Amino acid sequence: MRSAEVAGVDTAIDHWIGGRRVGSPRTFSDLSPIDESHLASVARGGAEEASAAVSAAGDAFSSWGRTSREERAEVLYRIAEGIEGRIDELAAVETRDNGSLLRSNLRGLMPRSAYNFRFFADFLLELGYLKFDTRGHRNRVSHQPSGVTVLITPWNAPLMLATWKVAPALAAGNTVVLKPAEWSPLTASLLADITEEAGLPPGVLNVVQGYGEEAGAALVSDPRVSRISFTGSVETARLIGAAAGANLVPLSLELGGKSPLVVLEDADLEMAVEMAVEQYDNAGQVCLAATRLLVHQSLFDDFLDRFLAKAGDLVQGDPRSADTDLGPLISRAHLERVDGFVRRAVADGAHPVLGGGPNRELGGLYYRPTLFLGAPQGSEILTEEVFGPVLTLQSFTSDTEVVEQANSTRYGLAAGLVTGDPERAQRLSDQIVSGTTWVNCFYVRDLRAPFGGSRHSGIGREGGAYSFDFYCDLNNTVLGPGGWREETDYG
Ligand code: NAD
């Protein structure tokens, strides 16, 4: 078995197929965004590895799909414990691999990855059957496993977003082929080890490494697959949607966003500024980030002064340091993409009052937190997702105007509101197109709630029963009133 030592952790760098490590003739170089150093030569899967993984998952489904809910819950609890036991290692590898803050991984994302399994184990044990009568006939609705699930995930929160899908898919009784992003392949590999230690049978979870257009494309077009769940960009979603459409496979899409943060004239200004600066988290590489700050005209100057003061205190640097607030971007190609948006925004007439380019002192992949004023309505910087530390600030004078501004993109993932009036908040929330609206808070997520986006931010919702239903085939068994042996208790 090939492995690489990353952040002091021995990490397998081959695929995980049918309960075995499997190599490929070719590899790809996994770089660390922290210093662009080479971390590992990871197996580069293609059609052959994808097909082998789907076969292994298909074989394993014949027994995993028949396990009881209790048996599956037991394994999921053990996986949660396995993650909890390795939080330090997982966090260290994740930070090295994708440049996210070590403290966020330690305190937030890794514990949540474990919680995703615990939640769906609890869910299985609490799940009942919907029952109702129709003219003396008894209906009983049950969730049946649907088969082999392909999960394709992005690099910005690799383990958290993978477990967010793997846990409900396994809970449903499905078997899984996971393809993590090529920019951050390592924690998915550690997850495979953890599931093995937890007693998940061979082939129930498979991990295929490689590029999207090779391994990913082969997986999503395999006709043996019963569900595809994807988190990533709109462009890739179109390709995956076409492949899923060809085989009529149900598809869940969690895509990008261009969320607004609306600050009303009765807002707690300190809270509003804090929430606005928080949008630079993970160097802006967060789908939910409210990158469009919409502030009532009466607060505009005050807000801007306080925002600049607070954002000026942000510490940029090595994500392993406890003092750092902003780490690097994921890759050189992404840094150039982000910089392209910034340069075009300037050409369109917007002007940066903060940042506006790479951090020349740090070099590497560090991009300075940026704020634009004066972006013309309809311009690219106000409508397209940058996925970097780039915000815009605009003013408004009425609720009608701000709803129009908030809804003026093709996205509808999230929105933030800061106001002292809960009724007005609900009224605005009802008018803003968004899967989640946070009022006087941000990034608070309960796994029971529906999560997802409208318009080009996605198709479907994940979380709790929404995820579970997606991975299952629903069956309604209708028992007629007659024809039973006398002693049968048919209720
Ligand atoms: P991406 O679309 O480039 O890649 C995502 C995944 O798709 C990767 O694993 C990649 O290898 C794979 N892929 C690429 N081409 C493929 C193909 N032809 N067939 C199958 N798989 C393919 O996205 P990214 O750059 O990794 O992630 C950033 C995007 O993800 C942003 O738009 C962000 O908003 C979005 N995102 C959304 C959410 C959400 O929950 N809505 C969460 C995180 C990220």
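Residues numbered from 1 in each chain as written. Predicted model: local features only at pLDDT ≥ 70, side-chain atom pairs only at ≥ 80, totals over all residues. Heavy atoms only, no water.

Caption draft 1: Looking closely at the pattern of salt bridges. Applying the stated rule across the entire model yields 24 salt bridges. With a closest N to O distance of 3.5 Å, Arg96 and Asp35 form a salt bridge. Here Arg96, found in helix α3 (residues 87-98), pairs with Asp35, found in the loop between β5 (27-31) and β6 (38-43); they are 61 residues apart in sequence, far enough to count as distant. What makes Arg96 buried here is its relative accessible area of 14%. For Arg410, the salt bridge is made with Glu384, and the minimal N-O distance between the two is 2.8 Å. In this pair, Arg410 is assigned in the loop between α13 (399-406) and β19 (414-418) and Glu384 in the loop between α12 (380-383) and β18 (390-396), connecting sequence segments 26 residues apart. Through salt bridges that share partners, Arg26, Arg44 and Glu214 make up one connected network. (Salt bridge = Lys/Arg side-chain N within 4 Å of Asp/Glu carboxyl O. Helix = DSSP H or I, 4+ residues; strand = E, 2+ residues; numbered from the N terminus. Buried < 20%, exposed > 50% of the residue type's maximum accessible area, 1.4 Å probe, protein only.)

Caption draft 2: Geometry of the packing of aromatic side chains. Scanning the entire structure with this criterion turns up 14 aromatic pairs. Residues Phe28 and Tyr211 carry aromatic rings whose centres are separated by 5.3 Å and whose planes lie at 40 degrees to one another, so their mutual orientation is tilted. Separated by 183 residues along the polypeptide, Phe28 in strand β5 and Tyr211 in the loop between β11 (205-207) and α7 (212-220) bring together distant segments of the chain. A connected cluster of aromatic rings, assembled from ring pairs, spans Tyr115, Phe119, Phe120, Phe123 and Phe468. Arg140 extends its terminal NZ or CZ atom over the ring of Tyr129, reaching a point 3.8 Å from the ring centre. (Phe/Tyr/Trp six-rings, centres within 6.5 Å; stacked < 30°, edge-to-face > 60°. Lys NZ or Arg CZ within 6 Å of the ring centre and 35° of its normal.)

Caption draft 3: Structural detail: the sheet that holds strand β7 (residues 130-134). Across the sheet, three strands lie side by side as β7-β8-β22; this open sheet has antiparallel pairing. Of all strands in the sheet, those bounded by a partner on one side alone are β7 and β22 (472-479). Across this sheet, the average inter-strand angle for adjacent strands is 25 degrees, counted without regard to direction. Here β7 pairs with strand β8 (residues 137-145) via five bridges, running antiparallel. Bridging across to β8, Phe132 finds its partner in Asn139. (Pairing = 2+ DSSP bridges. Axes fitted to C-alpha atoms, helices over the stretch in contact; angles between N-to-C directions.)

Caption draft 4: Region of interest: helix α1 (residues 47-64). In a regular helix each residue adds 1.5 Å, so 18 residues correspond to 26 Å; α1 covers 25 Å between its end C-alpha atoms and thus fits that length. For α1, the full list of buried residues reads Glu49, Ala50, Ala53, Val54, Ala56, Ala57, Ala60 and Trp64. Considered in projection along α1, the buried side chains sweep an arc of 165 degrees and stay on one side of the axis. Away from the buried face of α1 by more than 90 degrees, exposed residues Ala47, Glu48 and Asp59 are located. (Expected span 1.5 Å × (residues − 1). Arc of directions from axis to C-beta.)

So yeah, pure geometry; function would need other evidence.
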